[in-house]
Amino acid sequence: MNIASKCNLKELEEESFSRLSGSVNNYNKGIRMSTRFCELLCAKFCHDMAGPIGAINNGIDFIESENADMKKVAVNLVKTSSKRAINNLTFLRQAYGFTPKEVEVSFYTMKTLINNYLKETKMNCEIVKGIKSEVVDGWTAKLIYNLAIMTSALMMYVGDLKITFGKNVITVTSTAPMHKIDKDLEALFDGPEDPSSLTTRNIQIAFASLIAKDLGYKIIMKYTKPDLLVLTLKKPQ
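In what follows, the accompanying structure is described. Please read all numbers here as calculations on a predicted model, not as lab measurements.

### Thoughts on the side chain of N115
And then number 1: Topologically, N115 is positioned in helix α3 (residues 107-118).
And then number 2: For N115, a relative accessible area of 16% puts it in the buried group.
And then number 3: A distance of 2.7 Å separates the side chain of N115 from the backbone nitrogen of C125, its partner in a polar contact.
And then number 4: N115 has contacts with M123, N124 and C125, leaving out every residue within four places of it along the chain.

### Thoughts on the nonpolar core
And then number 1: Within the largest apolar cluster, 53 residues are counted, with the highest numbers of intra-cluster contacts made by M110 and I114.
And then number 2: Examining the composition of this core, we find that nine residues originate from one element, helix α4 (residues 138-154), more than from any other.

### Some details on helix α2 (residues 68-96)
And then number 1: Given a rise of 1.5 Å per residue, 29 residues ought to cover 42 Å, and the 41 Å separating the end C-alpha atoms of α2 matches this to within 8%.
And then number 2: Of all the positions in α2, only A74, V78, S81, A85, N87, N88, F91, L92, A95 and Y96 are classed as buried.

### Considering the pattern of salt bridges
For side chains of opposite charge, pairing can occur when their charged atoms come near one another.
And then number 1: Considering all chains together, one arrives at four salt bridges under this definition.
And then number 2: Residue D137 pairs with K101 through a salt bridge whose shortest N-O separation is 3.9 Å. Of this pair, D137 sits in strand β3 (residues 135-137) while K101 sits in the loop between α2 and β1 (104-106), placing them 36 residues apart in sequence.
And then number 3: Judged by its relative accessible area of 22%, D137 falls in the partly exposed class.

### Regarding the packing of aromatic side chains
And then number 1: Inspection of every chain in the model, using the stated rule, returns five aromatic pairs.
And then number 2: Between F37 and F207, the ring centres sit 6.3 Å apart and the planes meet at 55 degrees, which makes this aromatic pair tilted. On the criterion of sequence distance, the pair formed by F37 in helix α1 (residues 3-63) and F207 in helix α5 (residues 203-214) is long-range, its members being 170 residues apart.
And then number 3: Their ring planes at 20 degrees and their centres at 4.4 Å tell us that F91 and Y117 sit as a pair that is stacked. Taken as a pair, F91 in helix α2 and Y117 in helix α3 lie far apart in primary sequence, 26 residues in all. Here F91 and Y117 have matching classes, each one buried.
And then number 4: Three or more aromatic residues joined by ring pairs form one cluster here, namely F37, Y96 and F207.

### Notes on the environment of L231
And then number 1: By the element assignment, L231 lies in strand β9 (residues 228-234).
And then number 2: A relative accessible area of 1% means that L231 is categorised as buried.
And then number 3: Sequence-wise, L231 and L147 are 84 residues apart; in three dimensions their C-alpha atoms are separated by 9.3 Å.
And then number 4: Contact partners of L231, with chain neighbours within four places excluded, come to M150, T151, I170, T171, V172, F189, I219, I220 and M221.

### Looking at α4
And then number 1: In this model, α4 (17 residues) spans 25 Å end to end at C-alpha, consistent with the 24 Å of a helix rising 1.5 Å per residue.
And then number 2: Of all 17 residues making up α4, 15 are buried, and the element is well covered by its neighbours.
And then number 3: Its side-chain oxygen at 3.0 Å from the backbone nitrogen of W139, D137 defines the N-terminal cap of α4.

### A look at the packing of α4 against α5
And then number 1: At a closest axis distance of 9 Å, the pairing of α4 and α5 adopts a crossing angle of 150 degrees. As judged from the angle between their axes, α4 and α5 are roughly antiparallel. Read as a crossing pair, α4 and α5 show a hand that is left-handed. In this structure, α4 uses W139, K142, L143, N146, L147, I149, M150 and L154 to contact α5, whose residues at the interface are Q204, I205, F207, A208, I211 and A212.
And then number 2: In the contact of α4 with α5, the residues fall into 11 nonpolar, two polar and one charged.

Rules and cut-offs
Residues numbered from 1 in each chain as written. Predicted model: local features only at pLDDT ≥ 70, side-chain atom pairs only at ≥ 80, totals over all residues. Heavy atoms only, no water. Helix = DSSP H or I, 4+ residues; strand = E, 2+ residues; numbered from the N terminus. Buried < 20%, exposed > 50% of the residue type's maximum accessible area, 1.4 Å probe, protein only. Polar contact = N/O pair within 3.5 Å; in protein donor to acceptor, adjacent residues only side chain to side chain. Contact = heavy atoms within 4.5 Å. Core = buried A, V, L, I, M, F, W, Y, C linked by side-chain atoms within 4.5 Å. Expected span 1.5 Å × (residues − 1). Salt bridge = Lys/Arg side-chain N within 4 Å of Asp/Glu carboxyl O. Phe/Tyr/Trp six-rings, centres within 6.5 Å; stacked < 30°, edge-to-face > 60°. Axes fitted to C-alpha atoms, helices over the stretch in contact; angles between N-to-C directions. Parallel < 35°, antiparallel > 145°, perpendicular 65-115°, else oblique. Left-handed = near helix turned anticlockwise from the far one by under 90°. Nonpolar A, V, L, I, M, F, W, Y, C, P; charged D, E, K, R; others polar.

It is worth stressing that arrangement in space is one thing and function is another; only the former is reported here.
Below you can see the structure in the form of structure tokens.
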């Protein structure tokens, strides 16, 4: 083997090693990103379930009291907290759990689940059907649930959500006294670059954006007034 051939062989080996290292690094980054998503979404789920479960536990403690009035209050607390826990669990199961794409979900079901989840915060969600179909596929429903969680979390104080369906477009309008808009919010619409950038404050934005991207939607945010936030999700024509 001549010197030129040896040089070419060495260059090929170095190139192959570089490609392999890049693939391994990308794979490891993907694993870290997936793990981070799981950790933070589990934390969000536990946070939403802890309130009603804790209230049920307190109510049971009060039921053991000998005071008749206290027992009546405790029974009511257990009833309302149980209903809240069921609403949260039912909604979060659809938002975070496995949902086949071929499943059909009605607009009525989406609106009911969202409003039951938001009931405790006294927020309200309206869904406007601007298409002929009475249903959406399971993945689109999952997107809507996560957009509702994301947008309601950006509201300060009580507000209203309006989700409008059109042909290849979904518009989410949030009306509230103020919204909490971080400077890095829009950057997350294209997906996080670094797993360490994900926190409990932005995980919902990242997750909703990931679902939207998988479905072919691009998210455009319009926030020109403190009391009005509009997210437009569009598919390429």
